[in-house]
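# Coordinates in review
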Amino acid sequence: VLGATALTLWPLAVEAWWLRELASADATVKIHAAQRLGEMRSRRAVPGLMKTAEEGLRKMAPRLDARVAALSGPRNHVKSVEVVALEALARIGEPAVAALLEAFGSWNLESWWGFVEAMPDLGEDARPFVPVLEAILRSDRSLPRRGAFRVLVSLQTDVEEEVRFLLAGLREADDSIASFA
């Protein structure tokens, strides 16, 4: 009976350990915790991962020269804490996407700009965030809208759908999106 109880409680204890590690001040520990929680698809990790991602994205955005931000080109291959947290949220799926959509009004412009700038690092793992990117695209926040448009174009798998998307971008009133399209 004791062995069965231990086997049942072990995953909860491991999850609790990684949740605690996610709050660490050490970036390497945070990255490792975010990776493990994503692998576990831990729903309980969503608030901590959201906080970790948002804090990192807010700090990341001022480092970006928003007016001249490279929309393509070489990316840093060392993953930052916020990118690993976003990867974990993508693995968790629907609960994380719902939390991001809920956070849409409370995150500041810099956080959303950092969010869309981190998407190319996720590659195909960014696909679960399409509803969030579409919400950004419907917003009035110009810089994140341009980035969201770029990421949504890159995620199109059907050439006809990509062309339709680009044509819609050409009709866009926002010059930054129309010029990208």
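Residues numbered from 1 in each chain as written. Predicted model: local features only at pLDDT ≥ 70, side-chain atom pairs only at ≥ 80, totals over all residues. Heavy atoms only, no water.

This brings us to the overall build of the chain. Broken down by element type, the chain carries 10 helices and 0 strands. Listing each helix as α and each strand as β along the chain from the N terminus yields α-α-α-α-α-α-α-α-α-α. Taken over 181 residues, the chain has a buried fraction of 44%. Sequence-distant contacts, at least 24 apart, represent 68% of the contacts inside the chain between residues at least 6 apart. Surface exposure of the chain reaches about 9,900 Å², of which carbon and sulfur atoms provide 58%. (Helix = DSSP H or I, 4+ residues; strand = E, 2+ residues; numbered from the N terminus. Buried < 20%, exposed > 50% of the residue type's maximum accessible area, 1.4 Å probe, protein only. Contact = heavy atoms within 4.5 Å. Areas by Shrake-Rupley, 256 points an atom, 1.4 Å probe, with all protein chains shown as cover.)

Grouped together as the largest cluster of nonpolar side chains are 46 residues, with contacts concentrated most on L49, L86, F115, M119, F129 and L133. Here the element with the most residues in this core is helix α4 (residues 81–92); it accounts for 9 residues. Apart from the residues lying within four places of it in its own chain, the contact partners of F129 are L86, L89, A90, V97, L100, F115, M119 and L122. (Core = buried A, V, L, I, M, F, W, Y, C linked by side-chain atoms within 4.5 Å.)

When two helices pack together, their arrangement is given by the angle between the helix axes and by the axis-to-axis distance. Orientation of helix α2 (residues 27–40) relative to α4, taken along the N-to-C sense of each, is 10 degrees, at an axis distance of 8 Å. Classified by the angle their axes make, α2 and α4 are roughly parallel. Contact with α2, carried on its side by A27, K30, I31, A34, Q35, L37, G38 and E39, involves V81, V84, A85, A88, R91 and I92 of α4 and no other residues of that element. Of the residues assigned to the contact of α2 with α4, the class counts are 9 nonpolar, 2 polar and 3 charged. (Axes fitted to C-alpha atoms, helices over the stretch in contact; angles between N-to-C directions. Parallel < 35°, antiparallel > 145°, perpendicular 65-115°, else oblique. Nonpolar A, V, L, I, M, F, W, Y, C, P; charged D, E, K, R; others polar.)

Let us now look at unusual backbone geometry. A positive phi angle, near 55 degrees, is found at R41, a position not held by glycine. Tracing the backbone through its elements, the reader meets R41 in the loop between α2 and α3 (46–60).

Once that is clear, we can look at the pattern of salt bridges. Evaluation of the coordinates by the stated rule reveals 4 salt bridges. The residue K51 makes a salt bridge to E55 at a minimum N-O spacing of 3.7 Å. With K51 and E55 both in helix α3 and 4 residues apart, this pair spans about one turn of that helix. Residue classification places K51 among the exposed positions, given a relative accessible area of 53%. (Salt bridge = Lys/Arg side-chain N within 4 Å of Asp/Glu carboxyl O.)

When pLDDT is averaged along the chain, the result is 76, and 72% of the positions lie at 70 or above. At the level of individual helices and strands, the chain shows its lowest average pLDDT in helix α10 (residues 175–180), which scores 67, and its highest in α2, which scores 92. (pLDDT = per-residue confidence, 0-100.)

The next thing to look at is α4. End to end, α4 covers 17 Å across 12 residues, agreeing with the expected 16 Å (1.5 Å per residue, within 8%). Those residues of α4 not exposed but buried are V81, E82, V83, V84, A85, L86, E87, A88, L89, A90 and I92. Of the residues flanking the end of α4, it is G93, one or two places downstream, whose phi is positive at about 85 degrees. (Expected span 1.5 Å × (residues − 1).)

Time to look at helix α5 (residues 94–103). Residues A96, V97, L100 and A103 constitute the buried set of α5. The buried residues of α5 occupy one face: seen down the axis, they fall within an arc of 125 degrees. Opposite its buried face, α5 presents the exposed residues E94 and E102, each directed more than 90 degrees away. (Arc of directions from axis to C-beta.)

Further remarks concern the side chain of E21. As for its position among the elements, E21 is in helix α1 (residues 2–22). With a relative accessible area of 15%, E21 lands in the buried category.

Right, let's talk about the environment of E110 for a bit. Looking at the secondary structure, you find E110 in helix α6 (residues 109–122). With relative accessibility at 34%, the residue E110 sits in the partly exposed group. Separated by 52 residues in the primary sequence, E110 and R58 place their C-alpha atoms 5.3 Å from one another.

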